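Analysis of the macromolecular model
Chain by chain, the residues run as shown.
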Amino acid sequence: SFCLSRAVQQMRRLLRAAGATLCAAVAVLHGAGGVSIPRRPGSAAAAPPGPPVSRALDGSRPQTFDRWLEVETWRQPQLRDLSPILRSVSVVCRQISGLVQRAHVDGLTGNHGDGDAAAINIQGEQQKKLDVVANDLIKTTLCSSGTLFCVASEEEDEPCTCSTVIDHQAFSGQLVAMFDPLDGSSNVDAGLATGTIFGVLRHPEHHIGSAQASTLLQPGSRLVAAGYCLYGPATTLVLTVGNGVHGFTFDPQCNQFLHTHRNMRIPRRGNQVMLNLGNMPSWDTGVTQFVQDCMRDKERTRDFRYSGALVGDVHSLLTRGGGVFGYPGDAKSPNGKLRLLYEANPMAFLLEQAGGVGTTGVQRIRDIQPTEVHQRVPTFLGSPDDVHSLGCYMQYRMSPDLWI
């Protein structure tokens, strides 16, 4: 009898401990957006719904991208149709990151086609193998979100409707996505950083039918989301939905993006100067003078760098103390190299949300009314004081009555 009583008491203690452990696990999962437990009939009514609570699994682990997006969608209900697209972006970034890492192993380096069969894109540039693969992958993945009307790629002549990409009329929506599938793709062969750039617009007048160039010809001030994926030592997704800039680093152990960079900001002044100095002899006199003065400046030590990938340079601006990035026009390309819709507008939106600016040297990039789908513009991005200073050099040299 005594032994039986002791055994019963011990069993009760074990059950209480197991129940406490189960409740704690459920609370953690519920706080992380994992599960919800139905109440028993007759139990107390559930509390009214409130904002999703971000809770770390172990007290220190960063929030996942999916959880962050859930919270932002609760805070901004107008993002509801944008949420599936951004989730698709995170998925395709993971896939492209894997392709970039295995490019040499899987034979994805070099040009797409050889000799006379070499593929040339609409820009007149020879396509890399990964350009083609990444382009097809992004089109299919983004269109599968179900909320896009059409997609437009830097690699293709015209936009195409998602109902055509997926081959079903159900895949259509009110949004338009534009992207550069693999910025700096020539870096892949050398094992250097590359990236994907994207921007999302609302369709001005939704209609059933084929996508037209006019669908895309909207100023950058109408962007509702923009960002990039950086494929380097780590895979990083940086984006804005109009309420600041946030960065997420891919964790291969859990196969998710984690919120590692909160509310990224760029200082008013920085020491980085990012221009391709090899092109300096053909630049406008004002840009050349600005760079030369930076080299001679003894009060501020300047860090001159240029990676060959816009994504890598912009990420450096955001994470290494600001400065100025520029790709000006030159004798060969008077309007510069960067495309307004696919590169300049998304990056200008992103940097403005981080406290920076984006201009052509004489005009805010996001105020430009596009006239062509593949229009190019001189592009200067970065810290406000530095970009303004560069713009002053350019405007001074453009006024003949002020020439020295």
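Our subject in this report is the structure included herewith. (Residues numbered from 1 in each chain as written. Predicted model: local features only at pLDDT ≥ 70, side-chain atom pairs only at ≥ 80, totals over all residues. Heavy atoms only, no water.)

**What to know about the layout of surface pockets**
Considered as a void within the structure, the second largest pocket measures approximately 380 Å³ in volume. Taken together, 24 residues make up the lining of the second largest pocket; nearest its centre are Glu-125, Gly-184, Ser-185, Ser-186 and Lys-337. Contributing elements (two or more residues each) for the lining of the second largest pocket: strand S3 (175-183), helix H8 (310-319) and strand S11 (323-327). The leading source of residues in the lining of the second largest pocket is S3, at 3 residues. Class assignment for the residues of the lining of the second largest pocket results in 7 nonpolar, 6 polar and 11 charged. (1 Å grid on protein atoms, 1.4 Å probe; cavity = no way out; pocket = protein on both sides within 12 Å on 5 of 7 lines; lining within 4 Å. Points joined across faces, edges and corners; volume = space filled by probe spheres on them. Helix = DSSP H or I, 4+ residues; strand = E, 2+ residues; numbered from the N terminus. Nonpolar A, V, L, I, M, F, W, Y, C, P; charged D, E, K, R; others polar.)

**With respect to the state of the cysteines**
In total, this model carries 2 disulfides according to the counting rule given. What pairs with Cys-93 in a disulfide is Cys-229, and their sulfur atoms sit 1.7 Å apart. Looking down the S-S bond of the Cys-93 and Cys-229 bridge, the torsion is 75°, so its handedness is right-handed. One end of the pair, Cys-93, is in helix H3 (residues 83-101); the other, Cys-229, is in strand S5 (residues 223-231), and 136 residues separate them in sequence. With respect to class, Cys-93 is no different from Cys-229; both count as buried. In this model, Cys-143 is linked to Cys-162 through a disulfide, with the two sulfur atoms separated by 2.2 Å. Sign of the S-S torsion, about -70° for the bond between Cys-143 and Cys-162, identifies this disulfide as left-handed. Of the two residues, Cys-143 sits in helix H4 (residues 129-143) while Cys-162 sits in helix H5 (residues 162-166), which places them 19 residues apart along the sequence. According to the relative accessible area criterion, Cys-162 is buried, its value standing at 0%. (Disulfide = S-S within 2.5 Å. Buried < 20%, exposed > 50% of the residue type's maximum accessible area, 1.4 Å probe, protein only.)

**Observations concerning the packing of aromatic side chains**
According to the stated counting rule, one finds 5 aromatic pairs in the structure shown. Seen in terms of ring centroids, Phe-65 and Phe-248 are 5.0 Å apart; in terms of plane orientation they differ by 85°. Their pairing is edge-to-face. Here Phe-65, found in helix H2 (residues 65-75), pairs with Phe-248, found in strand S7 (residues 246-251); they are 183 residues apart in sequence, far enough to count as distant. The structure contains a cluster of three or more aromatic residues connected by ring pairs, namely Phe-65, Trp-68 and Phe-248. (Phe/Tyr/Trp six-rings, centres within 6.5 Å; stacked < 30°, edge-to-face > 60°.)

**Re the side chain of Thr-288**
Looking at the secondary structure, you find Thr-288 in helix H7 (residues 285-296). Given a relative accessible area of 14%, Thr-288 falls into the buried group. Other than its neighbours up to four places away in sequence, Thr-288 contacts Met-280 and Trp-283. (Contact = heavy atoms within 4.5 Å.)

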